[in-house]
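Chain and residue survey
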Amino acid sequence: MSGESERKAYRTESITVTFEARRCLHAAECVQGLPEVFDPAKRPWIQPGNATVERLVEVVGRCPSGALRYELVDGGTETPDGSPRSPAVPPGR
Ligand code: SF4
C-alpha cells in the first residue's frame, strides 16, 4: 500500500476546498446544501467559486465523514480562529 491520500483540492482566491473520495458516505449534505457548488454532473464536480466563503464554510462543515474540508487562504475574509475580519476596512481620516 502506498498510504497516499487521494485528497483533491479545489481552490479560489480565498478558500481551498478539499475532497477525499474514499471517505465520502454519499450523504449528499454538500449537494443539498450548495447545489451550485457541489454538482456530480459537472467537471470538476466541486466549483467553490460559485458561492461565498461563508456558505462554503457552513456546508463543508456539515459533511459527516470528513471527506470535505476547507482551508482559508491568507488574506481571506475570515481568520481560522473564527473572528471575522474585513479586508477592506476604510482608512480613518
Ligand atoms: S457531505 Fe461529505 S459525505 Fe456527504 S456526499 Fe458530500 S462529501 Fe460525501
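Residues numbered from 1 in each chain as written. Predicted model: local features only at pLDDT ≥ 70, side-chain atom pairs only at ≥ 80, totals over all residues. Heavy atoms only, no water.

1. Things to note about the side chain of Glu20
Using the following cut-off: Strands are runs of DSSP state E lasting at least two residues, helices are runs of H or I lasting at least four, and both sets are numbered from the N terminus onward. Whether two residues are in contact is decided by their heavy atoms: any pair within 4.5 Å suffices.
Tracing the backbone shows Glu20 in strand 2 (residues 15–20). Residues in contact with Glu20, not counting those within four places in the same chain, are Ser5, Glu6, Arg7 and Ala67.

2. Quick notes on the pattern of salt bridges
Spelled out, the test is: When a carboxyl oxygen of Asp or Glu lies within 4 Å of a side-chain nitrogen of Lys or Arg, that pair is called a salt bridge. Exposure is judged per residue with a 1.4 Å probe applied to protein chains only, and the accessible area is read against the type maximum: over 50% gives exposed, under 20% gives buried, and values in between give partly exposed.
Taken as a whole and assessed by the stated rule, the structure comprises 5 salt bridges. The shortest N-O distance in the salt bridge between Glu20 and Arg7 comes to 3.1 Å. Of this pair, Glu20 sits in strand 2 while Arg7 sits in strand 1 (residues 7–11), and the two are 13 residues apart along the sequence. Assessed through its relative accessible area of 6%, Glu20 is described here as buried. Its salt-bridge partner being Arg22, residue Glu20 comes within 3.1 Å of it at the nearest N-O pair. You can call Arg22 exposed: its relative accessible area is 60%.

3. A word on the site of the ligand
The condition is simple: Neighbouring residues are identified by heavy atoms, a residue being near a molecule or strand if any of them is within 4 Å of it. Buried and open spaces are told apart on a 1 Å grid over the protein atoms alone, a cavity being a set of points where a 1.4 Å probe fits but cannot get out and a pocket being an open set with protein on both sides within 12 Å along at least five of seven lines. Residues with an atom within 4 Å of a point are the lining residues. Throughout, a molecule is located in a cavity or pocket provided that more than half of its atoms lie within 2 Å of its grid points. For this scheme, ten residues count as nonpolar: Ala, Val, Leu, Ile, Met, Phe, Trp, Tyr, Cys and Pro. Four count as charged, namely Asp, Glu, Lys and Arg, and the remainder, Gly too, count as polar.
The environment of the ligand is formed by 13 residues, the closest being Cys24, Leu25, Ala28, Cys30 and Cys63. When atom positions are compared with the pocket grids, the ligand is found to occupy the largest cavity. For the shell around the ligand, the residue count by class is 10 nonpolar, 2 polar and 1 charged.

4. Focus on the nonpolar core
Going by this rule: Put simply, a nonpolar core is a bunch of buried Ala, Val, Leu, Ile, Met, Phe, Trp, Tyr and Cys residues held in one set by side-chain atoms that sit within 4.5 Å of each other.
Membership of the largest hydrophobic core comes to 19 residues, with the highest contact counts inside it found for Phe38, Ile46 and Leu68. When contributions to this core are tallied by element, the ones reaching two or more residues are strand 2 and helix 2 (53–60). With 5 residues, the top contributor of residues to this core is helix 2. Residues contacting Ile46, with those up to four places away along its chain left out, are Tyr10, Val17, Phe19, Val37, Phe38 and Leu68.

5. Description of empty space enclosed by the protein
Under the convention used in this document: Grid points are joined across faces, edges and corners, and a volume is the space filled by probe spheres set on the points.
Summed over all chains, the structure comprises 1 cavity of 30 Å³ or more. A volume near 80 Å³ is recorded for the largest cavity. The wall of the largest cavity is formed by 13 residues, among which Cys24, Ala27, Cys30, Cys63 and Pro64 lie closest to the centre. A class-by-class count of the residues in the lining of the largest cavity yields 10 nonpolar, 2 polar and 1 charged.

6. As for the sheet that holds strand 2
Spelled out, the test is: Pairing between strands is defined by DSSP: at least two bridges between the two strands are required. To obtain each axis, a line is fitted to C-alpha atoms, and for helices this fit is confined to the stretch in contact; angles are then taken between N-to-C directions over 0 to 180 degrees.
One open sheet accounts for 3 strands, arranged 1-2-3; its pairing is antiparallel. The strands lining the two open edges of the sheet, one partner per strand, are strand 1 and strand 3 (68–72). Taken over all neighbouring pairs, the strand axes of this sheet differ in orientation by 25° on average, direction set aside. Sheet strands touched by helix 2: strand 2 and strand 3. Its angle to strand 3, the strand with the most contacts, is close to 145°.

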